[in-house]
Amino acid sequence: LRWPGGTTRGLCSGTQARIEKNKKRHIRRKPQKQICIPVLEHFDNKYRQEHGELWDRVREVLLLPCSWQYGVLVNKFSHSVPLEDLLQSWGYRNFLQDVLPFPQHSLRCYISKDQHRFPRLLHHAERLKEYYLLNATSLLPVLALDAQDGECVLDMCAAPGGKSIAILQSATPRHFLCNEHDSLRYKWLKQTLESFVPEDLRGVISVTNLDGRGIGPQKRQIFDKVLVDAPCSNDRSWLYSSDVLKARIRIAHAPNLPVLQEQLLRSALEALRPGGTLVYSTCTLSRAENDDVVASLLNSCDNVQTVNLADLARSLSHNFTFAKGVQHGQLIVPVKGKTWGPMYVSKLWKVH
């Protein structure tokens with residue numbers, strides 16, 4: 001991996017040191033991730049049937065982690081102009097400048113055709129981080145949600161916090177509830193918010209450790225916007241499971257995920273005020289966890305409709321590859337040259 005030349009002058013000393021150290025670290029080849037064979041066999045059987053030849057293209061990318069691309073989400077609260085100058089000097093560009101009809105977002109996420117990997121920044125209680133590393137497709141649910149200043153917003157399954165951070169880059173909600181049921185991930189979420197959000201904004205944020213299925217009955221018709229980035233059979237993560245026994249257990253329990261996902265959606269719908277919008281997202285190719293979950297909700301609820309995301313998809317098609325034949329949302333798939341995803345997003349409107 002070749003890092004372009006450039007200066008880190010103007011960045012905080014800690015960030016500058018980590019970036020320079022990361023340049024040298026990438027000169028040495030990192031150990032290759034080990035593929036979990038039972039998971040690969042499971043995906044081959046399932047996804048070849050669901051996606052046909054497209055799975056072969058996606059499979060090629062998923063089996064080559066060194067080809068994966070990473071986005072750099074700039075934290076506007078750290079006022080890191082030198083960082084953006086550095087990114088641009090290295091050939092990165094803010095791909096969100098191209099996104100229409102969503103020009104009002106102050107989100108700034110830089111991507112590059114090359115596989116540069118910035119270092120992850122350590123948590124410091126007294127200093128905000130300058131950037132957050134993520135798969136750039138993670139911003140698609142945030143763009144679809146389209147949170148506005150003064151709204152009440154719920155991020156039901158918020159850990160590790162990247163989408164919560166992105167929402168706060170683009171809007172200042174009247175109240176923002178960030179929830180995570182898993183205890184370890186809840187702690188991770190809290191630390192992420194502390195690392196990126198200034199103290200004067202933390203007053204509008206509540207961080208809870210609740211089962212998302214219970215939020216709707218507890219907080220009926222409170223929120224203007226709800227994001228459900230649901231637990232799923234995370235394709236990238238599962239494929240490189242280090243514990244084969246746990247991987248087999250996950251595969252055995254995978255049919256239970258759509259049940260949980262639909263329960264979370266129903267809870268979110270109950271928490272949503274009439275006229276509000278709900279965004280459902282996963283990072284899997286699984287039709288059972290994507291379109292089928294949304295279809296089940298639509299078939300059993302007469303007060304919800306899908307919102308067409310075709311315009312948003314068109315505005316992003318230069319950077320991402322969208323699968324065809326998706327009925328109730330959009331599915332970004334990783335292919336050679338555009339290794340972002342997978343990411344499924346569906347947007348729903350609560351009519352009454």
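Structure first, text after, so check above.
Note that the structure is predicted; figures quoted are calculated from it, not measured.

This brings us to the overall build of the chain. A tally of regular secondary structure across the chain gives 13 helices and 13 strands. The contacts of the chain with a sequence gap of at least 6 include a subset with a gap of at least 24, amounting to 75%. Accessible surface, the chain: about 16,300 Å² in total, of which carbon and sulfur atoms supply 50%.

Moving on, we come to the pattern of salt bridges. Applying the stated criterion across every chain yields a total of 12 salt bridges. Salt-bridge contacts for glutamate 84 lead to arginine 108; the nearest nitrogen and oxygen are separated by 2.9 Å. Of the two residues, glutamate 84 sits in helix 4 (residues 81-89) while arginine 108 sits in the loop between strand 2 (93-94) and strand 3 (109-111), which places them 24 residues apart along the sequence. Between glutamate 180 and arginine 185 there is a salt bridge, with the nearest N and O atoms lying 3.8 Å from each other. Overall, the relative accessible area of 33% leaves arginine 185 in the partly exposed class.

Within strand 13 (residues 343-350), 7 of the 8 residues are buried, which leaves it mostly tucked inside the rest of the structure. As paired elements, strand 9 (residues 272-282) and strand 13 share 6 bridges and run antiparallel to each other. By the bridge assignment for strand 13, leucine 278 is matched with leucine 348. Looking at chain direction, strand 10 (residues 304-307) and strand 13 are connected through 4 bridges and run antiparallel. Following the sheet pairing, glutamine 305 is matched in strand 13 by tryptophan 349. Here strand 12 (residues 330-333) pairs with strand 13 via 3 bridges, running antiparallel. Across the sheet, glutamine 330 pairs through a bridge with valine 345, a residue of strand 13.

Moving on: helix 7 (residues 183-196). A rise of 1.5 Å per residue sets the reference length of helix 7, with its 14 residues, at 20 Å; its end C-alpha atoms lie 20 Å apart and thus fit the reference within 8%. Those residues of helix 7 that fall on the buried side of the exposure criterion are Tyr186, Leu189, Thr192, Leu193, Ser195 and Phe196. Contact partners of the buried residues in helix 7: strand 4 (131-134), helix 6 (162-170), strand 6 (175-179) and strand 7 (205-208).

Right, let's talk about the sheet that holds strand 1 (residues 71-74) for a bit. The sheet built from 4 strands is open, its strands ordered 2-3-1-4 with antiparallel pairing. Edge strands, defined here as strands with exactly one partner in the open sheet, are strand 2 and strand 4. With 2 bridges connecting them, strand 1 and strand 3 associate as antiparallel partners. Bridge pairing in strand 3 links valine 72 to tyrosine 110.

Now for the packing of helix 2 (residues 37-51) against helix 3 (residues 53-62). Here helix 2 crosses helix 3 at 140 degrees, and the two axes come no closer than 7 Å. The angle between the axes of helix 2 and helix 3 places the two elements in the oblique class. Contact residues: Leu40, Phe43, Asp44, Tyr47, Arg48 and His51 in helix 2; Glu53, Leu54, Trp55, Asp56 and Arg59 in helix 3.

Taken as a whole and judged by the stated rule, the model has 8 aromatic pairs. Ring centres 5.9 Å apart and planes at 75 degrees place the aromatic pair tryptophan 68 and tyrosine 240 in the edge-to-face group. Placement of tryptophan 68 in the loop between helix 3 and strand 1 and of tyrosine 240 in the loop between helix 9 (235-239) and helix 10 (244-253) is noted, with a sequence separation of 172 residues between them. Its relative accessible area of 5% is what places tryptophan 68 among the buried residues. Among the residues examined, tyrosine 240 registers a relative accessible area of 12% and is labelled buried. Each residue in the set Phe43, Tyr47 and Trp55 is aromatic and connected to the rest through ring pairs, giving one cluster. Over the aromatic face of tyrosine 240 sits the side chain of lysine 33, whose NZ or CZ is 5.7 Å from the ring centroid.

Criteria and thresholds
- Residues numbered from 1 in each chain as written.
- Predicted model: local features only at pLDDT ≥ 70, side-chain atom pairs only at ≥ 80, totals over all residues.
- Heavy atoms only, no water.
- Helix = DSSP H or I, 4+ residues; strand = E, 2+ residues; numbered from the N terminus.
- Contact = heavy atoms within 4.5 Å.
- Areas by Shrake-Rupley, 256 points an atom, 1.4 Å probe, with all protein chains shown as cover.
- Salt bridge = Lys/Arg side-chain N within 4 Å of Asp/Glu carboxyl O.
- Buried < 20%, exposed > 50% of the residue type's maximum accessible area, 1.4 Å probe, protein only.
- Pairing = 2+ DSSP bridges.
- Expected span 1.5 Å × (residues − 1).
- Axes fitted to C-alpha atoms, helices over the stretch in contact; angles between N-to-C directions.
- Parallel < 35°, antiparallel > 145°, perpendicular 65-115°, else oblique.
- Phe/Tyr/Trp six-rings, centres within 6.5 Å; stacked < 30°, edge-to-face > 60°.
- Lys NZ or Arg CZ within 6 Å of the ring centre and 35° of its normal.

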